[in-house]
2 protein chains.
Amino acid sequence: MAAPQKKTRSTAQKALIRSALETETRFVSAKQLHRRLEDEGASVGLATVYRQLNALARGGDADTITIAETQLFRACSQTEHHHHLVCERCGTAVEIDPPSEDWMRQVAASNGFEITHHVFEIFGLCADCRAAATD
Amino acid sequence: MAAPQKKTRSTAQKALIRSALETETRFVSAKQLHRRLEDEGASVGLATVYRQLNALARGGDADTITIAETQLFRACSQTEHHHHLVCERCGTAVEIDPPSEDWMRQVAASNGFEITHHVFEIFGLCADCRAAATD
DNA sequence: CCGCTAATGGTAACGTGTTTCATTATTTCT
DNA sequence: AGAAATAATGAAACACGTTACCATTAGCGG
Ligand SMILES: [Mn+2]
Ligand SMILES: [Mn+2]
Ligand SMILES: [Zn+2]
Ligand SMILES: [Zn+2]
């Protein structure tokens, strides 16, 4: 039988957080998003920002990466598996394809492993940040 | 002129930590290594374990990965750049080659990025852990 | 409206990892 | 072999991102 599946309610905070994240092209932290919301006059608790960002990530509506012990989020509507090319200065990110799945499975199998998942992110400097770094 | 390069002293704790890490084939956390040391009768402070593991990593004598907000360490004598295939159950790891550097640079360049570094780890279950998971 | 309960938000608690600083011990100097 | 200089240690305090708690608010079906 189907799981009880508790029903979710639509709240103002949920909508605010979602739309704030969607207008952001960079990976942002919960704290950053929280500050931005209160700068815009909205009053949303930090705990709620964490909750909603995690919910979005769980539901596949946001990607997350961790940089310097801090989890960053970015809205994502893409359904296929992908990774990111991230500017380590400003957080701007571009979606990229994963390395060959066949190659990974091959490497794993030859060592007796069965793959469960993988992490892969390329970090660098975007054109803008490189230009800005010209002393 | 050459950097002042402060001189390092050899201590019992440093040797203990280094050799304990070297006998370990799995990725281990500072806490795990600390517990193991005190189980063996050695009395070493946790802060010292952190310090020495970080020093080993900085010096290239240890690899580190982060899993579930915890930093794990493993001795490594390899000098070339590499990655790991890690059993997410027992921590056993195998060193693997990186994906094509040319391909990564190509992807980055076509988006105006200049690569600084990348993270890549494959997680899975090793043969032993798969066998043990047979209900 | 009413009642049920999901959701919120302030705060306390948590876990990992770093910093501080008094104490210990290794190296160097005489 | 002392003695002086100072790197290293260790216990506890701290930093900080994230989660848990729980009393209060508010969405939604009736
Ligand atoms: Mn994405
Ligand atoms: Mn290695
Ligand atoms: Zn940038
Ligand atoms: Zn295993």
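An account of the accompanying structure is given in this report. (Residues numbered from 1 in each chain as written. Chains lettered and ligands numbered in written order. Predicted model: local features only at pLDDT ≥ 70, side-chain atom pairs only at ≥ 80, totals over all residues. Heavy atoms only, no water.)

### Observations regarding the protein's contact with DNA strand D
To keep things clear, this is the line we draw: In this text, near means that some heavy atom of the residue lies within 4 Å of the molecule or strand in question. Throughout this description, a polar contact denotes any pair of N or O atoms lying within 3.5 Å of each other; where both atoms belong to protein, one of them has to be capable of donating a hydrogen while the other can accept it, and for residues adjacent in sequence the pair is counted only when both atoms sit in side chains. What counts as a helix is a DSSP run of H or I of at least four residues, what counts as a strand is a run of E of at least two, and both are numbered from the N terminus. Each residue receives one of three labels: charged for Asp, Glu, Lys and Arg, nonpolar for Ala, Val, Leu, Ile, Met, Phe, Trp, Tyr, Cys and Pro, and polar for the others, Gly being one of them.
In the region of DNA strand D, 23 residues are neighbours, and A:Gln71, B:Thr11, B:Gly45, B:Thr48 and B:Arg51 sit closest. Here a base nitrogen of DNA strand D and a side-chain polar atom of A:Arg9 are 2.8 Å apart. With respect to DNA strand D, the side chain of B:Gln13 contributes an N or O atom lying 2.9 Å from a sugar or linking oxygen. For the surface near DNA strand D, the secondary structure elements donating two or more residues are helix 3 (46–58) and strand 3 (70–75) of chain A together with helix 1 (12–22) and helix 3 (46–58) of chain B. Its residues assigned to classes, the surface near DNA strand D comprises 4 nonpolar, 11 polar and 8 charged.

### Remarks on the coordination of the manganese ion (ligand 2)
Residues and elements named next belong to chain B. Stated precisely, the cut-off is as follows: Donor atoms (N, O, S) are those found within 2.8 Å of the metal centre, with the cutoff raised to 3.2 Å for Na, K and Ca; water is not part of the atom list, so apparent gaps in a site can occur. Residue burial is assigned from relative accessible area. The probe radius is 1.4 Å, only protein chains are included, and a residue is buried under 20% of its type maximum, exposed over 50%, and partly exposed in between.
Around the manganese ion (ligand 2), the donor atoms from the protein are Asp63 (OD), Cys76 (SG), His82 (NE2), His84 (NE2) and Glu95 (OE), and they sit 1.8 to 2.8 Å away. The motif formed by the donor residues of the manganese ion (ligand 2), counted along the single chain, is D-x12-C-x5-H-x1-H-x10-E. Of this pair, Asp63 sits in strand 2 (residues 62–67) while Cys76 is found in the loop between strand 3 (70–75) and strand 4 (83–87), placing the two residues 13 residues apart along the sequence. Across this residue pair, the class does not change: Asp63 and Cys76 are buried.

### Describing the coordination of the zinc ion (ligand 4)
All names here are of chain B. Rule in force here: Irregular is the label for any site that misses the other tests, which are tetrahedral for four donors with all angles between 85 and 135 degrees, and square planar for four donors or octahedral for six when opposite donors exceed 155 degrees and the remaining angles lie between 65 and 115.
Each protein donor to the zinc ion (ligand 4) is listed here as Cys87 (SG), Cys90 (SG), Cys126 (SG) and Cys129 (SG); together their distances run 2.2 to 2.4 Å. Around the zinc ion (ligand 4), the 4 donor atoms sit at angles spanning 103 to 114°, and that spread fits a shape best called tetrahedral. The motif formed by the donor residues of the zinc ion (ligand 4), counted along the single chain, is C-x2-C-x35-C-x2-C. Taken as a pair, Cys90 in the loop between strand 4 and strand 5 (93–96) and Cys126 in the loop between strand 6 (114–125) and helix 5 (127–132) lie far apart in primary sequence, 36 residues in all.

### Side note on helix 2 (residues 30–39) of chain A
Residues and elements named next belong to chain A. As a reminder of what qualifies: Directions are taken from the helix axis to each C-beta atom, and the arc is the one they span. Any two residues whose heavy atoms approach within 4.5 Å are treated as being in contact.
Of the positions making up helix 2, those classed as buried are Ala30, Leu33, His34 and Leu37. The arc that holds the buried residues of helix 2, viewed along the axis, is 100°, so those residues lie on one side. Residues of helix 2 that are exposed and point more than 90 degrees away from the buried face comprise Lys31, Arg35 and Asp39. On its buried face, helix 2 sits against helix 1 (12–22), strand 1 (28–29), helix 3 and strand 3. Trailing helix 2 by a residue or two, Gly41 shows a phi angle of about 95°, which is positive.

### Focus on the relation of the copies chain A and chain B
Rules: To superpose the copies, least squares is applied to the C-alpha atoms of every residue with a pLDDT of at least 70 in both.
When chain A is fitted onto chain B, the two copies agree to an RMSD of 0.1 Å after a turn of 180° and an axial shift of 0.0 Å. Each copy turns onto its partner about a two-fold axis. In terms of proximity to the rotation axis, the leading residue of chain A is A:Phe120, whose C-alpha is 2.2 Å off the axis. A high fraction, 100%, of the interface residues of chain A reappear at the interface in chain B, so the copies pair face to face through one surface.

### Topic: the protein's contact with DNA strand C
Around DNA strand C there are 23 residues in total, and A:Arg51, B:Arg9, B:Ser10, B:Lys31 and B:Gln71 lie nearest to it. Sugar plus phosphate: this is where 70% of the atoms of DNA strand C within 4 Å of the protein reside. The separation between a phosphate oxygen of DNA strand C and a polar main-chain atom of A:Gly45 is 2.9 Å. B:Asn54 is positioned such that a nitrogen or oxygen atom in its side chain is 3.1 Å from a phosphate oxygen of DNA strand C.

### Remarks on the pattern of salt bridges
Definition in use: Only one rule defines a salt bridge in this text: a Lys or Arg side-chain nitrogen within 4 Å of an Asp or Glu carboxyl oxygen.
Counted under the stated rule, the structure contains 16 salt bridges over all chains. One salt bridge connects A:Asp102 with A:Arg105, and the closest N-O pair in it is separated by 3.7 Å. One end of the pair, A:Asp102, and the other, A:Arg105, are both in helix 4 (residues 101–109), 3 residues apart, so they sit about a helical turn from each other. A salt bridge links B:Arg36 to B:Glu40; the shortest N-O distance between them is 3.0 Å. Taking relative accessible area as the criterion, B:Arg36 reaches 24% and is therefore assigned partly exposed. Linked through salt bridges whose partners overlap, the residues forming this network are A:Glu24, A:Arg26, A:Arg36 and A:Glu40.

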